[in-house]
Every structure is written in structure tokens, then in C-alpha cells.
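Structure at a glance
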Amino acid sequence: MGMIVRARETSSGPARACLWRPARRRFGSGAAVIALLAALTAAHHEALAADATGAASQDESVMLLARIQDAARTLDYSGVFTYQQGEFIQSSRVTHVIDGTGERERLEVLDGQPREYLRHNDEVQCLIPEKKTVLLERRRGDRFPGLLLGDPAALTAHYDIRAEDKLHRVAGRECQLVRIEPRDDRRYGYKLCADTRTHLLLKAQTLSTDRGVVEQVAFTSLRLGADVQPALLKTEWSTRDWTVIEPDLKTVDLAAKGWRIPAPPGFDIKMQVARLMGKREAVSQLVLTDGLAAISVFIEPYNNAHQSEQPRGLVRSGPINVYGTRIADFWVVFLGEVPPATLQQLAEATEYVPLAAPQ
């Protein structure tokens, strides 16, 4: 593999090219702000009837969510799945194998420009053939068929979770339906279908507050266990002379820098980092999650480009909502897989309190 350099890319560079979000994230007409956020991130129903079975059913459903997450991490599987948001449809092939070193995964995007993602545990290589570039990343564990960012038991404080007895079929396999209904209007709902034999997630839908499907992802073909060949993990691209880019990240404490960002109820801080991007000054990123949904807050010094290139207020694209605003001398963007009002409330409550100069 080629020389490693620190990532200092523009929004049209490898970081944007490596954006991949099948199970929850694809951007449409968000213009410059969405292009920028794409570079920064590698970094986001039907009403429940009364359930006579009560807490026992809820507990069993939570256990099923844990099994779904465990299956995504511990099983050998290979298959093709499709992601759909509005008129946009994209197919990808995933191969996941457990060996003596942990998890290994290869994901190939089958439509549009060639893209591959080679994962070993939490380390990911994004291959961009037309640029002969490899972008090194760390990736969280909620990518399809993974799901959760935290303890599933903690979700019950803000979601009603119910597994149904009636079986469905996806990719020729029987699956059990699980409904995840938010207890408030600050988050979306989800409808899942998990394989009855292995608990692997076969299909997931994100549901808006008016019960519409805003995006969905589902396997169309699937092999499990001994039918999966480890040789499928090997890429066909030769990356010997390619440039390898490693993002330049450092941990920060935004509260200590004067930022007051009140997390919505149930959301906790997952990560705080500063990133270098192109010729811009470092961009700080705060990630909040309730264990299922996630919100990112991006902060950078304000300049004239933000006035002319990036839209203020709300930009919507499927389940992703983006809210950009100026706070003091900073441009702040709130991005999340949550309803628009949640982001707007968070943006309006966020404050910057300059630190007192030392005496």
C-alpha cells in the first residue's frame, strides 16, 4: 500500500467519496452544507395498540434486539441488500466472517462509482478506485445488519418495543417483526424483521412521525454459516501504489471551551473530536445518541463562505435533517436522524459562553 498522509481534503475529496450510508443516510439536494457534512462524517409507523402482556413482552422484545445486534457481529454471512430512500435505490454486497483475529468484512457498492469497504474489527479501509486512494476510518457498529449504538435495555425509557408473533418472509427466509415506537415526538420509529433461526436482521424501515416509511434496507439474497467463503473478503483492486489517507483527529472538551449544548432527553455524549479539513481551521464534532438515533453537532469558525455557500435553517433529505446557524463567531451545523423539530430545538438552545480571560 502507498504512503500514509493526514487527511486534509476538500468536500469533493476522498472523505466525501467514501460516504456510505445504507441503513440510515443518503443525501440529496442539501448543497454545500451537506457536501461539507459528508466530508466530516465517516463520520445519522403504525401506532401501538394496548399490550395486555405488559412488561414481560417488552423485556422479551429487548432481548431480541440484543440477539439481532449479536448476530450481526458474530455470524458468518454474505448477501446482497438494497437501500431505498424515495426514488433513490442502491445495491451493495456484504461478506462478514469471524476468524481468529475477530470480525472481517468486505462491502461492495454495486451501483454507480466503484466503492469498497474492508473492515477488520473497528478499522475500515475505504477504497476509491478512480482516485487511487484508500481512506482509513473507524466505524461505529450500527451499520446494516447491525443496529444499536448502546445497551438495548436503555431504549425502553424512550421507546415502546414489541415483537409480533406473526411471521414474515424476506429474501426467502422467515423473519419476526419488531416494532420500535418512540414515546415522544423527538425521534423516529423503526420496523425490523429478524431471521427466526439466527436473529440476523433481514430488513429495517425508518418511520416518520406521520407513520410513513422514509427509508428502508433489506437483503435480497443471503448465505449463512458454512456457505460463506472467506475468499470473498479479498478485494480485486491492487492498492500497492495508492495514496493512503488517515484522518487527523483529536479528542476535545467542548464544554470546557465554552459550549453549552443541552442534549435532548435520553441522548448522551458518544464522542467529541476535532477534525482537520482542507485549508479550514479544525472542525469540532459532538455526537449524541439515545442508543438508536444519533445527532452530530459540527462547529467551526464563521467566515464569508458560510454566508454565501451554505443555507441557513433546515435542510431535509429522507430521515436526515440538517440545521445550520451562526452562533457568536462560529458556524454550527446540527445533523441527525431525528425529526426536524428536535434539531431546531437543540440549535435554538445551544449557546457559546466565552471563557473569562485569566487575571
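Quick caveat: nothing in here was measured; it's all calculated off a predicted structure.

**Quick notes on the overall build of the chain**
Within the chain, the secondary structure is distributed over 5 helices and 22 strands. Sorting the 359 residues of the chain into buried and exposed places 52% on the buried side. Working note: accessible area of the chain is about 16,600 Å², and carbon and sulfur atoms make up 48% of it.

**Quick notes on helix 5 (residues 340–349)**
For helix 5, the full list of buried residues reads Pro 340, Thr 342, Leu 343, Leu 346 and Ala 347. The buried residues of helix 5 occupy an angular sector of 165 degrees when the element is viewed end-on, so they sit on one face.

**Points about the environment of Ile 261**
Note on placement: Ile 261 falls in the loop between strand 15 (259–260) and strand 16 (268–275). The residues contacting Ile 261, other than those within four sequence positions of it, are Leu 254, Leu 286, Val 297, Ile 299, Leu 346 and Thr 350.

**Brief notes about the nonpolar core**
By size, the foremost hydrophobic cluster in this structure holds 65 residues, and its most contacted members are Leu 65, Ile 180 and Leu 192. Among the elements that line this core, the one with the most residues is helix 3 (residues 55–74), at 6 residues. For this core, the two domains that each supply at least three residues are domain 1 (53–233) and domain 2 (247–352). Beyond its immediate sequence surroundings of up to four residues, Ile 180 is in contact with Leu 65, Tyr 159, Asp 160, Ile 161, Gly 189, Tyr 190, Leu 192 and Leu 292.

**Here we look at the pattern of salt bridges**
Per the counting criterion, the structure on display carries 14 salt bridges. For Glu 164, the salt bridge is made with Arg 162, and the minimal N-O distance between the two is 3.4 Å. Residues Glu 164 and Arg 162 agree in their burial class; the two are buried. With a closest N to O distance of 3.4 Å, Arg 326 and Asp 329 form a salt bridge.

**Let's talk about the packing of aromatic side chains**
Here the structure, examined in full by the defined rule, presents 9 aromatic pairs. Between Phe 144 and Phe 219, the ring centres sit 5.1 Å apart and the planes meet at 45 degrees, which makes this aromatic pair tilted. Pair noted here: Phe 144 is in the loop between strand 7 (133–138) and strand 8 (159–170) and Phe 219 is in strand 12 (residues 213–224), with a separation of 75 residues, a long-range link. Like Phe 219, Phe 144 is buried. Chaining the aromatic ring pairs together yields one cluster made of Phe 81, Phe 144 and Phe 219. For the cation-ring pair, Arg 187 lies above Tyr 159, with the distance from its terminal atom to the ring centre recorded as 5.8 Å.

**Notes on the confidence of the model for the chain**
Detailed reading of the predicted coordinates is not advisable wherever pLDDT is low. Averaged over every residue, the pLDDT of the chain is 82; the share at 70 or more is 79%. The low-confidence segment residues 3–12, where pLDDT is below 50, has 33 contacts with residues more than four positions distant or belonging to other chains. Contacts for the low-pLDDT stretch residues 22–56, under 50 throughout, to residues beyond four places or in other chains number 106 contacts.

**A word on the side chain of Arg 187**
Positionally, Arg 187 belongs in the loop between strand 9 (173–182) and strand 10 (189–195). One polar contact links the side chain of Arg 187 to the main-chain carbonyl oxygen of Pro 265, over a distance of 2.7 Å. Non-local contacts of Arg 187, meaning those with residues more than four positions away in its chain, are made with His 158, Tyr 159, Pro 182, Thr 209, Pro 265, Phe 267, Asp 290, Pro 339 and Thr 342.

**Brief notes about the environment of His 120**
Relative to the assigned elements, His 120 resides in strand 5 (residues 115–120). Judged by relative accessible area, which is 27%, His 120 ranks as partly exposed. Excluding its chain neighbours within four sequence positions, the residues that come into contact with His 120 are Thr 101, Glu 103 and Arg 104.

**Quick word on the pairing of strand 3 (residues 88–99)**
Where strand 2 (residues 77–85) lies against strand 3, 9 bridges are found, and the strand directions are antiparallel. In the sheet register, Thr 82 faces strand 3, and the bridge partner there is Ser 91. Here strand 2 folds back onto strand 3 in antiparallel fashion, the turn holding 2 residues, of which Gly 86 has a positive phi close to 60 degrees. Where strand 3 meets strand 4 (residues 102–109), 8 bridges bridge the pair, whose relative direction is antiparallel. Residue pairing in the sheet places His 96 in a bridge with Glu 105 of strand 4. Counted between consecutive antiparallel strands, the loop separating strand 3 from strand 4 contains 2 residues.

Calculation notes
Residues numbered from 1 in each chain as written. Predicted model: local features only at pLDDT ≥ 70, side-chain atom pairs only at ≥ 80, totals over all residues. Heavy atoms only, no water. Helix = DSSP H or I, 4+ residues; strand = E, 2+ residues; numbered from the N terminus. Buried < 20%, exposed > 50% of the residue type's maximum accessible area, 1.4 Å probe, protein only. Areas by Shrake-Rupley, 256 points an atom, 1.4 Å probe, with all protein chains shown as cover. Arc of directions from axis to C-beta. Contact = heavy atoms within 4.5 Å. Core = buried A, V, L, I, M, F, W, Y, C linked by side-chain atoms within 4.5 Å. Domains from an automatic or database assignment. Salt bridge = Lys/Arg side-chain N within 4 Å of Asp/Glu carboxyl O. Phe/Tyr/Trp six-rings, centres within 6.5 Å; stacked < 30°, edge-to-face > 60°. Lys NZ or Arg CZ within 6 Å of the ring centre and 35° of its normal. pLDDT = per-residue confidence, 0-100. Polar contact = N/O pair within 3.5 Å; in protein donor to acceptor, adjacent residues only side chain to side chain. Pairing = 2+ DSSP bridges.

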